[in-house]
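Commentary on secondary and tertiary structure
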Amino acid sequence: MAKSVEDCLRTLADLESRRQNWDSHWQEIAERIWPAADEFLTSRSVGEKRSTKIFDSTAALALEKFSAAMESLLTPRAHKWHTLRSTHAGANEDPDVKLWFEQVTKVMFQARNSPKAGYYAQMHEGYKSLGAFGNSCLFVDEPKDGRGINYVQCHVGSVYIELNNKRQVDTIYRKYKMSAKAAAQEWGRKNLPEKVAQALESPDKQFKEFDFVHAVTPRTDYDRERKDAEGMPFVSYHISVEDKAMVDEGGYHEMPYLYSRYTVNPTEMYGRSPAMLVLPSIKMAQEMQKTFIRAGHKIVDPPLLLHDDGVLGTGSKQVRLTPGGLNYGGVDANGRPLIQPLQTGARLDITEGMLEKERMVINDAFMVTLFDILVETPQMTATQALIRAQEKGQLLAPTVGRQQSEMLGPQIHREFSVLLRQGLVQPPPQALMEAAGDYEIVYESPAQRMQRSEELVGIQRTMEMAMPFIESDPSILSLFDAEAIIRLSADINGAPVSILRTPDQMEEIRAQQQQQAQQQQMMDSISQIAPAAKDLSQVELPAEAGGA
């Protein structure tokens, strides 16, 4: 059943009132680590200076490193970070099924890498939003007049959510601004509400921005047999706030908004972030830095103590602090100075040490120290590097798992469906249809490889333990399948498949090597028989009895 404009606006007002505490919390964080996103409680002017509360940049720099590390671990730009396969194990052995999933994955990455898509730039902003506010919202849009996919990262301050019975985000209300000209391009002049249409007719007001609301909620009464919006699982409303009028009503086959959270408390719907965890340390570092600056300023340019004789420091006897300045009367007749600096006894080293401790806490929260482990100790052995990677994978597992389930999984499902409807993905092969199975995602990102590095550590430790036994009994070495170990290591380390020969090629090589060995063995046998035959031919037989 469709909602009215009044119902949607009342729902939005209710969601806004329930989120007031979050907005004030996010505002406090944004002012100190990401001032460009400082738009939760107030609307900022374009180009306005926003960094007035930042004196120490540790948290801001840690946020940049966090987002860069998350991107490189989950969705690296230069690598294929996932593949697809059938949930039916038997279907995956079919060559046509394998080829089809390879083509689907290729088309997906082509859509993301398109210059019009802007995928990786938007994902970077999303990771920053996760680090700062614990929430991010990516809008995966299906263009109405073209092919491909558009990605837009929405400011979390403009997005309001509601959960379903499984505590999954299934309702989105997004507030946004759009100029009259852009609104006409989006919906056409005939569909514009009154105030927007009037602004469009005036040349000096066509760029005036108006407030709109986009609401996407599950449709409980949709008909699967219908091909229009009534047959889509999600209903969509675009509403003009000024006119309180419906601008557009439609639907989506999948939830277009991918709302992801960093970590969630059981009693809350919005996520919490690393910045929230160490907000006291962030605020403390800002205050310490201000104190540090004031103390350093006083030491470098200290206040002066002047002799109270009614002459120095007044009139023509003002104290000159410029280089080369001459201060007559600055000493008495005995040469004793009448001007002295005020020494406060400030200990900058103590202040710096306290500040450094707060910085370490901030960097730990944003996992900067975790990401720097391998960089700071390049002299590690291969075994130590594997153990470090294993530890990083274990520590990152909760974060990676939530992003895969709340963001990357729904994103891939949305992309697959959009590309299939656009005809960019061919229909599945008959073997896959007969298997009656679904598809599943196989993540191959660096973060996933770190988690799998435990397998390599297990292999290496097992072989190290076996070495003493192999020395006494070489037959134990046959327990290990060398080819399987190499293939598994290459897969976990992300080596290109093209550098390894296929099993069929290896069988052919082994057959050739066996044939060559047999030929060599035959040649060796011939070379040993030939001298013996020559010696035998030179042996004189004894003369027969009764001979001449």
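A brief look at the structure comes next. (Residues numbered from 1 in each chain as written. Predicted model: local features only at pLDDT ≥ 70, side-chain atom pairs only at ≥ 80, totals over all residues. Heavy atoms only, no water.)

**Describing the pairing of strand E9 (residues 257-261)**
With five of its five residues buried, E9 lies for the most part within the structure. Going residue by residue along E9, you find Tyr-257, Tyr-259 and Arg-261 tucked away on one face and Leu-258 and Ser-260 tucked away on the opposite face as well. Bridge count for strand E2 (residues 135-141) against E9 is five bridges, and the pairing is antiparallel. Residue pairing for E9: Leu-138 is matched across the bridge by Leu-258. (Buried < 20%, exposed > 50% of the residue type's maximum accessible area, 1.4 Å probe, protein only. Helix = DSSP H or I, 4+ residues; strand = E, 2+ residues; numbered from the N terminus. Pairing = 2+ DSSP bridges.)

**Some thoughts on the layout of surface pockets**
The gaps left among the atoms become clear once a water-sized probe is rolled over them. Estimates place the volume of the second largest pocket at around 770 Å³. Together, 28 residues line the second largest pocket, and Asp-141, Glu-142, Lys-144, Glu-186 and Tyr-252 are the ones closest to its centre. Per element, the largest residue contribution to the lining of the second largest pocket is four residues, and it comes from strand E8 (residues 245-252). Residue composition of the lining of the second largest pocket, grouped by class: ten nonpolar, nine polar and nine charged. (1 Å grid on protein atoms, 1.4 Å probe; cavity = no way out; pocket = protein on both sides within 12 Å on 5 of 7 lines; lining within 4 Å. Points joined across faces, edges and corners; volume = space filled by probe spheres on them. Nonpolar A, V, L, I, M, F, W, Y, C, P; charged D, E, K, R; others polar.)

**Digging into the sheet that holds strand E6 (residues 209-218)**
A sheet is described by the order of its strands in space; here five strands give the open sequence E4-E5-E6-E7-E8, paired in antiparallel fashion. The strands lining the two open edges of the sheet, one partner per strand, are strand E4 (159-163) and E8. On average, adjacent strands in this sheet sit at an angle of 15° to one another, irrespective of strand direction. Sheet topology places E4 next to strand E5 (residues 169-179); five bridges connect them, and they run antiparallel. The residue of E5 that forms the bridge with Ile-161 is Ile-172. (Axes fitted to C-alpha atoms, helices over the stretch in contact; angles between N-to-C directions.)

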